[in-house]
Structure formats: structure tokens, C-alpha cells
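Here's the letter readout for the chains.
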Amino acid sequence: MIGYGVATSAYQIEGAVDVDGRGPSTWDEFCTRAGAIVDGSDARVACDSYHRFDEDLALLEGLGVTAYRFSVAWPRVQPTGRGPANPAGLAYYDRMVDRLLDKGIRPFPTLFHWDLPLALEDEGGWPARDTALRFVDYALLVTGRLGDRVPTWATLNEPWCTAFLGHAAGVFAPGRREPAAAFDAAHHLLLGHALAAAAIREQRPGAEVGLVLNLTPVRREPDGDPVAVEAVDAVQNRLWVDALADGRYPAVLPVPGAARAGDLELVRGSADWVGVNYYTPFRIGAPAPATDAVGQDVDAYPGAPDFSFAPRPPLTSMGWEVDASGLEEVLHETARRLPGVPLRVTENGAAFRDPAGVPDEDRIGYLASHLEAVDRAVAAGVPVHDYFAWSLLDNFEWAQGWTQTFGLVAVEPETLRRVPKASYGWYADHIAKRRLLSP
Ligand code: FCB
């Protein structure tokens, strides 16, 4: 059977931002800007998972997951993004790994899920080449400590978001609106991944190092401009996949000014596996101002002619179209472009308004249809190794603050008490049945 897990990220759940020597990150700073987070909230406390890992572990056990995808906070390990490790920061993840293994749950860490040490942003951030080199040092500190027990690593989570939501649209940290810098950031994220992957394999022979991309089919509505479809597909999907598969960027995109000869040779073939985060397909509609689907920002596609996002119902509370066929399609397409590379669904899930005590049937329906899509892809021979539902807990949804709830478990705002939703029980049953059926 494939593995079944749940996913979280450090910044969205840990809280404890000033504890045990953690340094500030770009997201801590971004949250202080007026209007940056829709509800004016922040993640200083978040789900307080830093102090409540035991509770979260009990929830993982209750689900019966085979794996837990979490991220390591760079500013806990290196408070200023460089130099020796902060012992308390590494110790936190070291203990987490041991506790998970004790319970028979495979730890599945991501090294960078968007929380860049602020000191590195002050030195230029991802548009600066040095950040890629600093990422390698950081990665080796983590894998040097945990790699004896953890064989599989994700370097980056959704570098498209960091590069283009962060540097072109400016709606994510660091909030810049400089398209040229976004392409440089994309290039250095890929370079950082490739250099870190090579260094980790040298340090830990046998390690499997991949990265997590948010890939999605880009569909054209009858009034959509095919040129916009191609531009969105290039920035969202092909920039990343073409670089990994062929060592080149799509011809329709500008060559990043920061790219140096030889860089893309390092990127080509650098992923031992690829994670696909899938939530929704994109539909490109009339050349009109953005329809403003949450998290889908036209400014994040520099160079695309005017277009609007035109999601079709049913929609989640993010405004994202629900369509499981998109997951199947993206798995097939990624397998076609990267033959022989194992794939994982590293995030999939849905935000709905879940009034307390009301069964979250919408979420169950979403998960069920997408798990079926994964089954169909596997039956057709696509090498999908794991599926991770996003997310274990309702958590800090970036620029959407606390307004969007993706969790299988609710977190009461005042008490931080964890309250499992109906989807939690449903997913636990699904996993239990799969375990019974597996040889
Ligand atoms: C993805 C992010 C994850 C979460 C989900 C809803 O883009 O990787 O942290 O916010 O979306």
C-alpha cells in the first residue's frame, strides 16, 4: 500500500517564536505590516505545537498514519541564517523524530517551508545567490543531526510561492513586487535545492532528496487567451519541471538575470523524488481584472497578458474549484516529464467553514474523491508512494491568517484545545481499511 500521512509546517503550527533562541523570520516581519494578513493576525502562538507536540503525536497515533510531514524552522536552527547550529533548535526536532519513530510513524521533514531567517532577507534574500549557499549549510546541519534516522528529505516546499507570491505579487513574505527579482529567487531556490541535495547525498549516502512543487493543470475557458494559459503554465509548472527534467527554462519566460553557466546542469536530475501539492486546477478566463480567488493572484505571473481566474463551482472557502480529475492529470503529466522519479502527493485538502459540532462532510467528500484519483493513477502505473492530507490541524493560513480552516482537527482559539472533526475519524477509517487490505 502507499503511505498515508498528514502534513503541517513549522510556521503555521509551532508558535513559540521567541523561545529557545529562535531568530525572526521573514514571515514574522511580514505579519507586522498593515494589511498583509487579512484578519490582522499572526503566528506568534499559532497552535503552540512547539509546546504541545505530545498532544499532536497522540492525534497522529489516533489517525494511524504511516508518516508525518512537518517542516524544520530554519530560524530555530540558525537564528541569523548562518553559523553554528542553535542546540535547542536542533534538539526540538531530534526529539520529535525519536517520538515519531517510537510510535512507528515515519518522520518526513521539509527543510524550507517559507520561514527564511530575517537576517538573510536583509542581505538580499532569495534573489541573492548567497542565500542558496546558506541553505546548503543549514541543510547539512539538520541532516547531520537527524539523517541517521531519517532517509527521505524534502528541500523546498512550493518554491513558486516564495518566488512569485513573495517577490512578484508581494502577497506573501517578503512582500516585494519586483518581477525580475522573482525570477532570480526562483533560480536560486532551484540552485539551493540542487546544491543541498548533492551535499546531503555526500554526507548521507543513500539519502533520498526531493522537493515539493505546487503543480496544477491550467485550463482555458472559452473566453480565455491561449497566450495567458501558456504563460501561467510556464511560471506555475514548467519553470520547475523543465529545469529538473531537461536543465532548461521554458523559452516563453525571461532567463533569470542571476543564472550562471552550469547552474541548470546542477538542477537537471537533482530530485530523487518529487512531491506534488494539489488543491485545485486553474481556469483561465476573460482578459479582465482578477476575479480574486484567494491565493490565485494574476500579478504572480509576470509577462502573462491580462487574464482572470475563472474557477467553476463547487468551490472551497478559499474560492478554489474542487476537481479531483486535476490531481490525476497532474500526476500523469509529472510522471511523463520525469520518468522513473517516484512521486508523492505531499499536500491535498480543503478549507471549508466548519461550524463547531457540524460534521465536515464537504471535507470528507473532497478527500474521498482525491484519494480515489490517487488510486486510479496508481492503478494506471504512476509511481505514487505516499499521500499526505493537509492538514492535521486548523492553522495559520499565511496571508489568510486564521480565516481558512484546512484541519482534520479544529483548534479552539482561546484554549488551543484540539477537537477532531468528522473528517479525522473518516481518514482514520480509510487508513485502517487500507492497512487491512494490504498484503
Ligand atoms: C500550500 C502550502 C501550505 C498550506 C496550503 C493550504 O500552498 O504549502 O502551507 O498553506 O497551501
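What counts and how
Residues numbered from 1 in each chain as written. Predicted model: local features only at pLDDT ≥ 70, side-chain atom pairs only at ≥ 80, totals over all residues. Heavy atoms only, no water. Helix = DSSP H or I, 4+ residues; strand = E, 2+ residues; numbered from the N terminus. Contact = heavy atoms within 4.5 Å. Near = heavy atom within 4 Å. Polar contact = N/O pair within 3.5 Å; in protein donor to acceptor, adjacent residues only side chain to side chain. Areas by Shrake-Rupley, 256 points an atom, 1.4 Å probe, with all protein chains shown as cover. Nonpolar A, V, L, I, M, F, W, Y, C, P; charged D, E, K, R; others polar. Pairing = 2+ DSSP bridges. Axes fitted to C-alpha atoms, helices over the stretch in contact; angles between N-to-C directions.

1. Describing the side chain of His370
Consideration 1: Locating His370 in the fold gives a position in helix α13 (residues 361-379).
Consideration 2: With near-sequence residues (within four places) excluded, His370 lies in contact with Tyr278, Tyr279, Val322, Asp323, Ala324, Leu327 and Asn348.

2. Brief notes about the site of the ligand
Consideration 1: Every residue lining the ligand is accounted for by Gln12, His113, Trp114, Asn157, Glu158, Asn277, Tyr279, Glu347, Trp390, Glu397, Trp398 and Phe406.
Consideration 2: At 2.8 Å, a side-chain N or O of His113 approaches an oxygen atom of the ligand.
Consideration 3: Between an oxygen atom of the ligand and a side-chain N or O atom of Glu397, the distance comes to 2.8 Å.
Consideration 4: Starting from 290 Å² of accessible surface for the ligand in isolation, the protein chains cover 95%.
Consideration 5: Of the residues in the shell around the ligand, the class split is 5 nonpolar, 4 polar and 3 charged.

3. As for the sheet that holds strand β9 (residues 308-309)
Consideration 1: Across the sheet, which stays open at both edges, the 3 strands sit in the order β6-β8-β9 with mixed pairing between neighbours. Of all strands in the sheet, those with a lone pairing partner are β6 (218-220) and β9, marking the two edges.
Consideration 2: Where strand β8 (residues 282-285) meets β9, 2 bridges bridge the pair, whose relative direction is antiparallel. Counted as the bridge partner of Ile284 is Phe309 from β9.
Consideration 3: Against the sheet, helix α10 (residues 226-246) contacts β6 and β8, and its axis sits at roughly 175° relative to β6.

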